[in-house]
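Descriptive structure summary
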Amino acid sequence: MSAALTVILVIVLLVALGLVAVERGGGGAKEMALVATLAAVAAAGRVLFAPIPSVQPVTVICLVTGAALGPRAGLAVGPIAGLVSNAFLGQGPWTPPQMALWGLAGLTGALLRPVCRNAVSLAVVGFVWGVLFGWAMNLWFLASFGPDVSWAAFTLAAGRSIPFDLAHGIGNVVIALVAGPALLRTLGRYAVRIRTEVVSPPAPGPAPAGPSAPAPPAPAPPR
């Protein structure tokens, strides 16, 4: 089995596990609907920003989702957004690693929840992820198409991708500072709503029977 096919199978398994975990979690169907909505928004934003190379909101949305909703939702949003957006931008061998990396970004947001809840810290994490995303994609292409996986080949590929990696990172910084706080507040409110159970009080039963009133005395016979 090739390395590419192995990665694809692992990604499919992780996405399936993430969706099952979301569906069986505390939010149930409501949380799954929210995750699907976030993935659709991220995919639409990526398509909208397509004219600007490497600038897209998917990475920041994954980080915020993980920070606000937890690792299950963070793991599920990124792969769905990558798969859906590539249906418009073009599917290819780059789709599986993109799905995996955005899923890892969501998990990072959950692991660094206290950090990602601050706009400036979120921007820093987003910038780092923009650069790491490009480096990881370079490793994927070297492992899949060659010429070989070596330090020299990776350095050459990383040097060629610097403009795109910086564009990804700087775009994440701008999106995190502009839209990050509002998205965190919104998802925080939704997280409370979808995980709050409303318990109805039991219906009142019949009132207990009290002591019976004495029967009225029988009338005296006429004399």
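Please refer to the structure higher up on the page.
What you are looking at is a predicted structure, and each value in this text was computed from that prediction instead of being measured.

What counts as what
- In this convention, every chain numbers its residues from 1, walking through the sequence in written order.
- The predicted origin of the model limits local features to residues at a pLDDT of at least 70 and limits the giving and counting of side-chain atom pairs to 80 or more, whereas totals for whole chains, interfaces and linings rest on all residues.
- The basis for every side-chain value is the complete set of heavy atoms in the structure, and neither hydrogens nor water enter the calculation.
- Helix numbers and strand numbers start at the N terminus; a helix is a DSSP run of H or I with at least 4 residues, a strand a run of E with at least 2.
- Helix span is expected to be 1.5 Å times the residue number reduced by one.
- For the exposure calls, accessible area comes from a 1.4 Å probe over protein chains only, and a residue counts as buried if that area is under 20% of its type's maximum, exposed if over 50%, partly exposed in between.
- For helices, the axis comes from a line fit to the C-alpha atoms of the stretch in contact; other axes are also lines fit to C-alpha atoms, and the angle between any two N-to-C directions lies between 0 and 180 degrees.
- An angle below 35 degrees is read as roughly parallel, one above 145 as roughly antiparallel, one from 65 to 115 as roughly perpendicular, and any other as oblique.
- Crossings are classed by handedness, with left-handed meaning an anticlockwise turn of the near helix from the far one by less than a right angle and right-handed meaning a clockwise turn.
- Whether two residues are in contact is decided by their heavy atoms: any pair within 4.5 Å suffices.
- Note that Gly is not counted as nonpolar here; it falls among the polar residues with everything else outside the nonpolar set of Ala, Val, Leu, Ile, Met, Phe, Trp, Tyr, Cys and Pro and the charged set of Asp, Glu, Lys and Arg.
- Contacts described as polar in this section are N or O atom pairs within 3.5 Å, which, within protein, must combine one atom able to donate a hydrogen with one able to accept it, while residues neighboring in sequence count only if both atoms come from side chains.
- Residues enter a nonpolar core if they are buried and are Ala, Val, Leu, Ile, Met, Phe, Trp, Tyr or Cys, with the set joined through side-chain atoms within 4.5 Å.

To continue, consider helix α3 (residues 58-69). In this model α3 runs 16 Å from its N-terminal to its C-terminal C-alpha over 12 residues, within 8% of the 16 Å that 1.5 Å per residue would give. Of all 12 residues making up α3, 12 are buried, and the element is well covered by its neighbours. All buried positions along α3 are accounted for by Val58, Thr59, Val60, Ile61, Cys62, Leu63, Val64, Thr65, Gly66, Ala67, Ala68 and Leu69. Positive backbone phi, at 105°, marks glycine 70, one or two positions downstream of α3.

Time to look at the packing of α3 against helix α7 (residues 119-145). One way to put it is that α3 packs onto α7 with a least axis distance of 10 Å and a crossing angle of 130°. The pairing of α3 with α7 is recorded here as oblique in orientation. As α3 packs across α7, the resulting crossing turns out to be right-handed. Here Thr59, Val60, Leu63 and Val64 of α3 lie close against α7, whose contacting residues are Leu122, Val125, Gly126 and Trp129. The class makeup of the residues in the contact of α3 with α7 is six nonpolar, two polar and no charged.

Here the focus is the side chain of asparagine 138. Along the chain, the position of asparagine 138 falls in helix α7. At a separation of 3.0 Å, a polar atom in the side chain of asparagine 138 contacts the side chain of serine 161. Residues contacting asparagine 138, with those up to four places away along its chain left out, are Phe154, Ala157, Ala158 and Ser161.

This part takes up the nonpolar core. Of all hydrophobic cores here, the largest spans 33 residues; its most connected members are Leu69, Val77, Leu122 and Trp129. Looking at this core, the elements that each hand over two or more residues are α2 (29-48), α3, α4 (71-89), α5 (95-111), α7 and α9 (162-194). Counting residues per element, this core draws most heavily on α3, which supplies nine residues.

Right, let's get into the environment of serine 85. Assignment of secondary structure puts serine 85 in helix α4. Along the primary structure serine 85 and leucine 48 are separated by 37 residues, whereas in three dimensions their C-alpha atoms are 9.9 Å apart. If near-sequence neighbours (up to four positions away) are discounted, serine 85 is found in contact with Ala43, Arg46 and Val47. Within the structure, serine 85 has its side chain in polar contact with the backbone oxygen of glycine 82 (distance 3.2 Å).

Everything listed is a geometric property; what it means functionally is a separate question.
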